[in-house]
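Listed below, chain by chain, are the residues.
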Amino acid sequence: MTGSVRRPLLFLDVDGPLIPFGAAHGRYPTYAAGPGGREGDGNPLLSRIDPGHGPRLTALTCEIVWATTWMADANECVCPRIGLPRLPVVSWPEPSGTDDQDAREGLHGKTRALVAWAAGRPFAWVDDEVTDADRAWVAAHHRGHALLHRVDPRTGLTGGDYAALDAWLRQPS
């Protein structure tokens with residue numbers, strides 16, 4: 001890729017951003033699977049995924065990467081529902097001695113792995129569990145441009161979230 005410009009990464013979680021949960025009333029809209037999606041995939045929460053997320057995500061000027069504990073299942077279950085192609089998946093490292101220290105400091109278990117995966121490349125991380133501790137750690141340990149965007153899990157990704165991501169992606173790194 002010599003001489004080419006690589007687009008920023010968008011690390012995307014599933015539970016919270018795409019599958020809303022935790023609202024007081026507990027009722028969520030449900031959606032039929034988008035083109036290529038299968039109904040009755042075995043997980044009743046999948047019907048909460050709005051197929052409109054697919055076109056909105058692909059309209060962003062970035063490379064989308066799954067950053068979810070769904071791992072490769074996100075490609076099997078989520079991508080077809082929202083019309084996305086198979087996406088790269090971040091593999092989470094085996095638990096280590098730093099995990100307890102990170103937890104005490106409020107650092108999410110994904111933070112170090114995402115910074116390592118990005119390898120200095122600009123990235124946005126969309127998750128419902130991002131904290132100020134994660135933001136501080138990324139600012140101190142990632143040499144590239146980064147946005148850690150927390151999504152309200154009760155609503156999932158909204159128009160405001162997409163606008164914030166689009167504005168960030170349009171900024172020069």
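Treat the numbers as computed from the prediction; the structure is a model and nothing was measured. (Residues numbered from 1 in each chain as written. Predicted model: local features only at pLDDT ≥ 70, side-chain atom pairs only at ≥ 80, totals over all residues. Heavy atoms only, no water.)

Draft legend 1. A look at the overall build of the chain. Helices and strands together make up the secondary structure of the chain, namely six helices and four strands. Each helix and strand of the chain, placed in order from N terminus to C terminus, yields the pattern β-α-β-α-α-α-β-α-β-α. Looking at the chain as a whole, 43% of its 173 residues qualify as buried. For the chain, the proportion of contacts with a sequence separation of at least 24, taken over those separated by at least 6, is 66%. Accessible area of the chain: about 8900 Å², with a carbon and sulfur share of 54%. (Helix = DSSP H or I, 4+ residues; strand = E, 2+ residues; numbered from the N terminus. Buried < 20%, exposed > 50% of the residue type's maximum accessible area, 1.4 Å probe, protein only. Contact = heavy atoms within 4.5 Å. Areas by Shrake-Rupley, 256 points an atom, 1.4 Å probe, with all protein chains shown as cover.)

Draft legend 2. Highlighting the packing of aromatic side chains. Per the counting criterion, the structure on display carries two aromatic pairs. Aromatic pair F11 and W117: ring centres 5.8 Å apart, planes at 85°, arrangement edge-to-face. In this pair, F11 sits in strand β1 (residues 9–12) while W117 sits in helix α4 (residues 111–118), placing the two residues 106 residues apart along the sequence. Assessed through its relative accessible area of 0%, F11 is described here as buried. On the basis of relative accessible area, W117 is assigned to the partly exposed category, the value being 33%. (Phe/Tyr/Trp six-rings, centres within 6.5 Å; stacked < 30°, edge-to-face > 60°.)

Draft legend 3. Highlighting the pattern of salt bridges. Counted under the stated rule, the structure contains seven salt bridges. Where E63 meets R121, a salt bridge forms, and the shortest distance between an N and an O atom there is 2.7 Å. Taken together, the residues span a long stretch of sequence, with E63 in strand β2 (residues 63–66) and R121 in the loop between α4 and β3 (123–127) at a distance of 58 residues. Owing to a relative accessible area of 25%, E63 belongs among the partly exposed residues under this scheme. By relative accessible area, R121 is classed as buried at 10%. Among the ionic pairs, D127 bridges to K110, the shortest N-O distance being 2.9 Å. (Salt bridge = Lys/Arg side-chain N within 4 Å of Asp/Glu carboxyl O.)

Draft legend 4. View of α4. Within α4, burial applies to T111, A113, L114, V115 and A118. Buried positions along α4 lie against β1, β3 and α5 (132–141). In the segment just after α4, A119 is the residue with positive phi, at about 50°.

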